[in-house]
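Secondary and tertiary structure notes
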Amino acid sequence: MDGGRPVQRTLTASLLTALALALTLTACAGPAAPAPKDTRAPTAPTGVTATAGSASTVHVMWSAATDDRAVTGYAVYREGREVKDLPATTLMTDVVGLTPATRHRFTVRARDAAGNVSAPSATVTATTLPAAAEDRTPPTAPTALRATADGNRAATLHWSPARDDTRVTAYDVYQADTRIHTVPGTATTAHLTGLRPGTAYAFTVRARDAAENSSPDSTPADLTTSPSPGAPPNTAPTALTATATQGEITLTWTPPKTGAPVTHHELHLNGRFATTIVWGTTPPPGRATYTFAVQDPPGTRYTLTLRAQLPDGTWGDFSAPRTVVVR
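Residues numbered from 1 in each chain as written. Predicted model: local features only at pLDDT ≥ 70, side-chain atom pairs only at ≥ 80, totals over all residues. Heavy atoms only, no water.

A word on the overall build of the protein. Per the secondary structure count, the protein includes 1 helix and 21 strands. Of all 327 residues assigned to the protein, the portion counted as buried reaches 38%. Once local pairs closer than 6 in sequence are excluded, the contacts in the protein between residues at least 24 apart make up 64%. Element-wise, carbon and sulfur atoms account for 56% of the exposed surface of the protein, whose accessible area totals about 18,000 Å². (Helix = DSSP H or I, 4+ residues; strand = E, 2+ residues; numbered from the N terminus. Buried < 20%, exposed > 50% of the residue type's maximum accessible area, 1.4 Å probe, protein only. Contact = heavy atoms within 4.5 Å. Areas by Shrake-Rupley, 256 points an atom, 1.4 Å probe, with all protein chains shown as cover.)

Rendered as structure tokens:
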């Protein structure tokens with residue numbers, strides 16, 4: 001028994017030596033060095049355009065800037081004075097309250113979380129339209145809208161011009177009831193960037209005149225971008241239509257081809273889950289139809305999308321959206 005005691009004393013001494021060494025190393029290491037300060041400014045925004053939409057408004061757009069960490073916002077300047085402060089997700093804005101028939105100069109700057117500000121973008125100019133007599137007549141809707149994919153992240157829209165009792169001054173492009181692009185009233189094409197691969201989109205176009213009267217929506221143009229290399233094909237329902245009648249909305253669509261009958265679909269309203277559409281038996285072949293009641297007041301707008309449940313139990317891609325107005 002006594003023979004074990006030296007071993008215990010040896011182990012204890014070794015442990016104390018190791019602990020002392022660890023404390024010495026820790027003391028030598030000192031506190032962790034602070035993260036380096038961010039002093040690098042974002043790049044200047046590119047692709048800046050300015051389009052006069054009326055006698056008092058100009059629509060300014062630009063392409064995203066880059067930063068070594070992250071761009072957190074943009075500032076729009078008119079004649080060198082800041083007139084808009086916007087989040088990093090916003091790449092367009094309307095500058096309002098301008099003087100009619102006046103040439104204005106615009107630049108855009110990007111900023112990051114550390115407060116670093118980019119150099120100004122290239123200066124662009126736009127001349128507001130002359131003030132006109134009161135105009136309450138909107139243009140007609142643009143017609144023959146079609147969308148063509150440019151790779152898997154861009155698209156080009158083409159349409160036939162609208163008509164107006166004075167003249168069309170701008171065309172606004174909408175995606176899911178949100179304006180995403182504006183071109184002058186003399187244009188009948190628009191190039192859209194920043195799309196996602198393998199995604200279903202629906203675009204509409206409205207014409208606008210100098211008095212800010214907007215036309216009804218054009219007929220939607222659907223487009224599904226090609227998937228990224230190696231990604232599975234898109235599984236969205238197609239050819240979705242939405243029709244409003246008194247107190248009801250009726251949807252029709254073509255389910256995706258999944259290799260098995262599609263018995264479940266999810267309906268989303270304004271980006272939120274609304275209900276699951278279930279067929280208790282084998283669903284009918286071809287197009288599907290679903291009608292649901294609405295109690296919102298007339299004039300309420302809904303944006304609707306559908307997605308199907310796949311044979312493995314997961315949910316597929318969302319359909320191109322449709323906007324409908326309650327009657």
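Next comes the rest of the account.
It is worth spelling out the sheet that holds strand S2 (residues 58-63) at this point. Judged by pairing direction, the sheet is antiparallel, and its 3 strands sit side by side in the order S1-S2-S5 without closing on themselves. Strands at the two margins of the open sheet, each flanked by one partner only, are strand S1 (46-52) and strand S5 (92-95). On average, adjacent strands in this sheet sit at an angle of 15 degrees to one another, irrespective of strand direction. When S2 meets S5, the two strands line up antiparallel, connected through 4 bridges. Within S5, the position partnered with Val60 by the bridge is Thr93. (Pairing = 2+ DSSP bridges. Axes fitted to C-alpha atoms, helices over the stretch in contact; angles between N-to-C directions.)

Core analysis: the largest hydrophobic core is formed by 19 residues, its most contacted members being Leu157, Trp159, Tyr171, Val173, Phe203 and Val205. Of all the secondary structure elements, the ones that give two or more residues to this core are strand S9 (155-160), strand S10 (168-175), strand S12 (189-192), strand S13 (200-209) and strand S14 (221-224). Looking at this core, the element that brings in the most residues is S13, giving 4 residues. Discounting residues that sit within four places of it in the chain, Trp159 has contacts with Pro142, Thr143, Ala144, Leu145, Tyr171, Val183, Ala187, Thr188, Thr189, Ala190 and Val205. Core analysis: the second largest hydrophobic core is formed by 18 residues, Ala50, Trp62, Ala65 and Leu86 among them. (Core = buried A, V, L, I, M, F, W, Y, C linked by side-chain atoms within 4.5 Å.)

Here we come to the environment of Arg301. With respect to the helices and strands, Arg301 occurs in strand S20 (residues 301-308). The exposure class of Arg301 is partly exposed, given its relative accessible area of 35%. Sequence separation of Arg301 and Val324 is 23 residues, and the distance between their C-alpha atoms is 5.7 Å. Contacts of Arg301, omitting those with residues within four sequence positions, involve Asp177, Arg206, Asp217, Asn270, Thr323, Val324 and Val325. A polar side-chain atom of Arg301 sits 2.8 Å from a polar atom in the side chain of Asp177. (Polar contact = N/O pair within 3.5 Å; in protein donor to acceptor, adjacent residues only side chain to side chain.)

Attention now goes to the layout of surface pockets. Put simply, the largest pocket is a space of about 680 Å³. Taken together, 22 residues make up the lining of the largest pocket; nearest its centre are Trp62, Leu91, Met92, Ile180 and Thr193. Residue assignment for the lining of the largest pocket shows that the elements contributing at least two residues are S1, S2, strand S11 (178-184) and S12. Within the lining of the largest pocket, the residues separate by chemical class into 9 nonpolar, 11 polar and 2 charged. (1 Å grid on protein atoms, 1.4 Å probe; cavity = no way out; pocket = protein on both sides within 12 Å on 5 of 7 lines; lining within 4 Å. Points joined across faces, edges and corners; volume = space filled by probe spheres on them. Nonpolar A, V, L, I, M, F, W, Y, C, P; charged D, E, K, R; others polar.)

Here we take up the pattern of salt bridges. A complete count under the given rule lists 13 salt bridges for this structure. Here Asp217 and Arg206 are joined by a salt bridge, their closest N and O atoms 2.4 Å apart. Here Asp217, found in the loop between S13 and S14, pairs with Arg206, found in strand S13; they are 11 residues apart in sequence, far enough to count as distant. Here Arg301 and Asp217 are joined by a salt bridge, their closest N and O atoms 3.6 Å apart. With Arg301 in strand S20 and Asp217 in the loop between S13 and S14, this residue pair connects regions lying 84 residues apart in the sequence. Under the relative-accessibility criterion, Asp217 is labelled partly exposed at 29%. One connected set of salt bridges, linked through shared partners, spans Asp94, Asp172, Arg179, Arg208 and Glu212. (Salt bridge = Lys/Arg side-chain N within 4 Å of Asp/Glu carboxyl O.)

Within the fold, Ser319 resides in the loop between S20 and strand S21 (322-325). The exposure class assigned to Ser319 is buried, which follows from its relative accessible area of 3%. Once residues lying within four places of it in the same chain are set aside, the contact partners of Ser319 are Ala200, Ala236, Pro237, Leu240, Thr305 and Leu306.

Two pairing modes exist for strands in a sheet, parallel and antiparallel, and in both the strands are linked by backbone hydrogen bonds. Strand order in the open sheet made by the 4 strands is S18-S17-S20-S21, with antiparallel pairing throughout. Since the sheet does not close on itself, it has two edges, and those belong to strand S18 (272-278) and S21, each with one partner. Each adjacent strand pair in this sheet contributes to an overall mean axis angle of 30 degrees, direction not counted. Examined bridge by bridge, S20 and S21 share 4 bridges and lie antiparallel to one another.

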